[in-house]
Amino acid sequence: MKKILVINGPNLNLLGSRDPEIYGRKNLDDVEKKLNEYLTEKNLDNSFEVEMFQSNHQGDLIDYIQSNKSAHAIIINPGGLTTVGFPLLDALIDSEKLSIEVHISDIHKREEFRRNSIFPNYCASQISGMGIEGYVRALSDICSQSNEK
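Residues numbered from 1 in each chain as written. Predicted model: local features only at pLDDT ≥ 70, side-chain atom pairs only at ≥ 80, totals over all residues. Heavy atoms only, no water.

(A) Focus on the overall build of the chain. Within the chain, the regular secondary structure consists of 5 helices and 5 strands. For the chain, the N- to C-terminal ordering of α and β elements is β-α-α-β-α-β-α-β-β-α. Relative to the compact-globule value of 15 Å for 149 residues, the chain shows a C-alpha radius of gyration of 14 Å, a close match. With the principal axes as the frame, the chain shows a C-alpha extent of 40 × 30 × 25 Å. A total of 149 residues make up the chain; the buried ones form 46% of that total. By sequence separation, contacts in the chain at least 24 residues apart represent 74% of the contacts at least 6 residues apart. As displayed, the chain offers around 7700 Å² of accessible surface, 43% of which is attributable to carbon and sulfur atoms. For the chain, the centre of its 16 positive side-chain charges and the centre of its 22 negative side-chain charges are spaced 3 Å apart. (Helix = DSSP H or I, 4+ residues; strand = E, 2+ residues; numbered from the N terminus. Rg over C-alpha atoms; globule rule 2.2 N^0.38 Å. Buried < 20%, exposed > 50% of the residue type's maximum accessible area, 1.4 Å probe, protein only. Contact = heavy atoms within 4.5 Å. Areas by Shrake-Rupley, 256 points an atom, 1.4 Å probe, with all protein chains shown as cover. Lys, Arg positive; Asp, Glu negative; His and termini not counted. Charge placed at Lys NZ, Arg CZ, Asp CG, Glu CD.)

Laid out in structure tokens, this is it:
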């Protein structure tokens, strides 16, 4: 079974209660449920599994990536590290995993300081502004790319 890491950075522990007018009322448990429902609906639950992880500490995120060498791919929402998380980006690059960056809100239509993610050049794609459906889109893209090989 191919493990897909779903990594969420600083402040995403507050998803569902923090700025619901921007991020909605769904939380990380809802994200995990939607991802598992997708795998079941597409009959992929025997081929892929998702493993969720969230931390407000960059070192914990790095340790998690480095301790999961056998993982197949990474869906990452760097949260508060989107523009400044160079050590996290290095860990992602060093992992050599298929990676997709996800943002719940459209960072390109928000405040200037949120627009300059450091991750897009090193991820297969960036999904922004789809709410938690962006995670499902990322999972779908990973599963599709994996089945093409």
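(B) Seen up close, the environment of Lys34. Summarising the element assignment, Lys34 is placed in helix α2 (residues 28-41). Along the chain, Lys34 and Ile93 lie 59 residues apart, while their C-alpha atoms are 27 Å from each other. Residues contacting Lys34, with those up to four places away along its chain left out, are Ile132, Glu133 and Val136.

(C) The arrangement of the sheet that holds strand β3 (residues 73-77) in detail. The sheet built from 5 strands is open, its strands ordered β2-β1-β3-β4-β5 with parallel pairing. Looking at strand neighbours, the two that pair on one side only are β2 (48-54) and β5 (125-128), the edges of this open sheet. Within the sheet, the average angular offset between the axes of one strand and its neighbour, ignoring direction, is 20°. Strands in contact with α2 are β1 (2-8) and β2; relative to β2, the strand with the most contacts, it is inclined by about 170°. (Pairing = 2+ DSSP bridges. Axes fitted to C-alpha atoms, helices over the stretch in contact; angles between N-to-C directions.)

(D) Examining unusual backbone geometry more closely. The phi angle at Asn11 is positive, at roughly 80°, despite the residue not being glycine. Counting through the fold element by element, Asn11 comes out in the loop between β1 and α1 (20-23).

(E) Up close: the nonpolar core. Within the largest apolar cluster, 27 residues are counted, with the highest numbers of intra-cluster contacts made by Ile4, Leu35, Leu39, Ile75, Tyr135 and Leu139. When residues of this core are traced back to their parent elements, those giving at least two are β1, α2, β2, β3, β4 (98-103) and α5 (133-148). The element contributing the most residues to this core is α5, with 6 residues. With residues up to four places along the chain from it excluded, the contact list for Tyr135 reads Val6, Asn8, Leu28, Val31, Leu35, Ile75, Asn77, Val102 and Ile104. (Core = buried A, V, L, I, M, F, W, Y, C linked by side-chain atoms within 4.5 Å.)

(F) Broad picture of the state of the cysteines. Evaluation of the coordinates by the stated rule reveals 0 disulfides. The thiol sulfur of Cys123 is not disulfide-bonded, and the nearest other cysteine sulfur, from Cys143, lies at 17 Å. Overall, Cys123 belongs to the buried group, its relative accessible area being 8%. By relative accessible area, which is 2% here, Cys143 ends up buried. (Disulfide = S-S within 2.5 Å.)

(G) Region of interest: the packing of helix α3 (residues 58-66) against helix α4 (residues 86-95). Orientation of α3 relative to α4, taken along the N-to-C sense of each, is 5°, at an axis distance of 9 Å. With respect to each other, α3 and α4 are oriented roughly parallel. Where α3 abuts α4, its residues Gln58, Leu61, Ile62, Ile65 and Gln66 lie against Phe86, Pro87, Leu88, Ala91, Leu92 and Ser95. Considering only residue class, the contact of α3 with α4 consists of 8 nonpolar, 3 polar and no charged. (Parallel < 35°, antiparallel > 145°, perpendicular 65-115°, else oblique. Nonpolar A, V, L, I, M, F, W, Y, C, P; charged D, E, K, R; others polar.)

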